[in-house]
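# Secondary and tertiary structure notes
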Amino acid sequence: MLSLLRHVFSSAPILNTSKCVAHHFRSSHCNVQLKGGNLLTLKNYTAEEIKYLLWVATDLKYRIKQKGEYVPLLQGKSLAMIFEKRSTRTRLSNETGFALLGGHPCFLTTQDIHLGVNESLKDTARVLSGMTDAVLARVYCQTDLDLLAKEAKIPIVNGLSDMYHPIQILADYLTLQEHYGHLNGLTISWIGDGNNVLNSIMMSAAKFGMNLRIATPKGYEPDSAVISAAKQFSKEFGTKLFMTNEPLEAATGANVLVTDTWVSMGQEEEKKKRLKDFNGYQITMQTGKVASPDWTFLHCLPRKPEEVDDAVFYSPKSLVFPEAENRKWTVMVQRLSKKTNKVQTWGGGALLMLSA
């Protein structure tokens, strides 16, 4: 698709903060070869591959936001954005990010196309393959994404499914790296539902040397296969994985407190029961008292007051708004990485060698 297109970022020095972040992610992986063209889950991505994505995101963020550079690496390319579920951050991050790289995003809702209804997923995948250069799909079922990936001849990116939310986690890691200056050794405490966001953290945190402490109500634990894989990753990378039904127990000693909605789209009929089952799971300053003194708070948004109170959400401890912005910078890299064969340093920046 991109025949031997080469773009060299300028050799201007990087700001101290960006230099620190970029250096952390860049080390030892200047010739990363990403597996395939799809991003359906972070489970099969290595630590070096994820670091590569975050390194280039950091570089792009500095060059576009701080220096005002124009880097039209995807000029003439189009992105099909399939949204079965509405979203502020996923839509805006993809539309603005793809446009900043010179590409054209196409927003498609269930009112525009009917996945598996008037046209089969197989046929949709083949039609989009002939008209666009990549697909971001925000859907209800992971199996729909898997089928799209199987039938399409272009990259498929998971914008959210019932099983995983990988693009959110990339933004989370970039935010934590910017704040702490490192990821290795951090302890993340998840207090909430065993959902797609937690699943994605469990598939990747250990690869950065991060420990996990998880509290979910009984009956709301993560998928058993995800737990099994997370235990294996924890063993392989020498990290700690702790699971409980007690929020304060999970928060003890944590650097990062994380939660998400208790009632996801499609679960509205369960709202009354869920609010009762999650009683006591709200993150407050009292929760922070048992955490590490340097604790911070993350939430992928939108947030409800029962999940975290205003005192935490709007406090200096909260990183939710930088986290939301970083969705754009990490989303941009996913478009580039699908066609990037190798990356080299060039004057403190990145040299991307893009080819079909």
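Residues numbered from 1 in each chain as written. Predicted model: local features only at pLDDT ≥ 70, side-chain atom pairs only at ≥ 80, totals over all residues. Heavy atoms only, no water.

In the nomenclature of an unreviewed UniProt entry, the chain is known as ornithine carbamoyltransferase of Xenopus laevis. One UniProt comment on the chain, placed under Subcellular location (unreviewed entry), says "Mitochondrion matrix". Its UniProt record, at the heading Sequence similarities (unreviewed entry), says of the chain: "Belongs to the aspartate/ornithine carbamoyltransferase superfamily. OTCase family." (UniProt positions renumbered as here; feature names shortened; annotations may be inferred.)

Bringing the sheet that holds strand β10 (residues 296-299) into the picture now. With parallel pairing, the five strands of this open sheet are ordered in space as β8-β7-β6-β9-β10. Of all the strands in the sheet, the pair left with one neighbour each is β8 (241-244) and β10. Between one strand axis and the next, the sheet turns through 20 degrees on average, direction left out of account. Summarising the sheet, strand β7 (residues 211-215) and β8 pair through four bridges and their orientation is parallel. The residue bridging R213 from the neighbouring strand is F242, located in β8. The sheet contacts of helix α6 (residues 166-180) involve β6 (187-191), β9 (256-259) and β10, and relative to β10 the element is tilted by about 160 degrees. (Pairing = 2+ DSSP bridges. Helix = DSSP H or I, 4+ residues; strand = E, 2+ residues; numbered from the N terminus. Axes fitted to C-alpha atoms, helices over the stretch in contact; angles between N-to-C directions. Contact = heavy atoms within 4.5 Å.)

Here we take up the pattern of salt bridges. Taken as a whole and assessed by the stated rule, the structure comprises twelve salt bridges. Among the salt bridges present, the one from R91 reaches E95, with a minimum N-O distance of 3.1 Å. With R91 and E95 both in helix α3 (residues 89-100) and four residues apart, the pair spans about one turn of that helix. Residues joined by salt bridges that share partners form a network here, namely D59, R63, K67 and E69. (Salt bridge = Lys/Arg side-chain N within 4 Å of Asp/Glu carboxyl O.)

The residue after L301, namely P302, is reached through a cis peptide bond having omega -5 degrees. By the element assignment, P302 lies in the loop between β10 and α12 (310-313). Residue L160 is not a glycine yet carries a positive backbone phi of 150 degrees. Residue L160 is classed as buried on the basis of its relative accessible area, which comes to 9%. The backbone phi angle of L301 is positive, close to 70 degrees, even though this residue is not glycine. Relative to the helices and strands, L301 is located in the loop between β10 and α12. On the accessibility criterion, L301 (14% relative accessible area) is buried. (Buried < 20%, exposed > 50% of the residue type's maximum accessible area, 1.4 Å probe, protein only.)

Quick look at the environment of M131 now. Along the polypeptide, M131 turns up in helix α4 (residues 121-131). You can call M131 exposed: its relative accessible area is 64%. Counting along the chain gives 51 residues from M131 to A80, while the straight-line C-alpha distance between them is 8.9 Å.

In space, the four strands of this open sheet follow the order β3-β2-β4-β5, with parallel pairing throughout. A single partner strand is all that each edge strand has here, and the edge strands are β3 (104-109) and β5 (156-160). Along the sheet, successive strands turn relative to each other by an average axial angle of 20 degrees, direction set aside. Packed onto the sheet, α3 meets β2 (78-83), β3, β4 (134-138) and β5 and runs at close to 175 degrees relative to β2.

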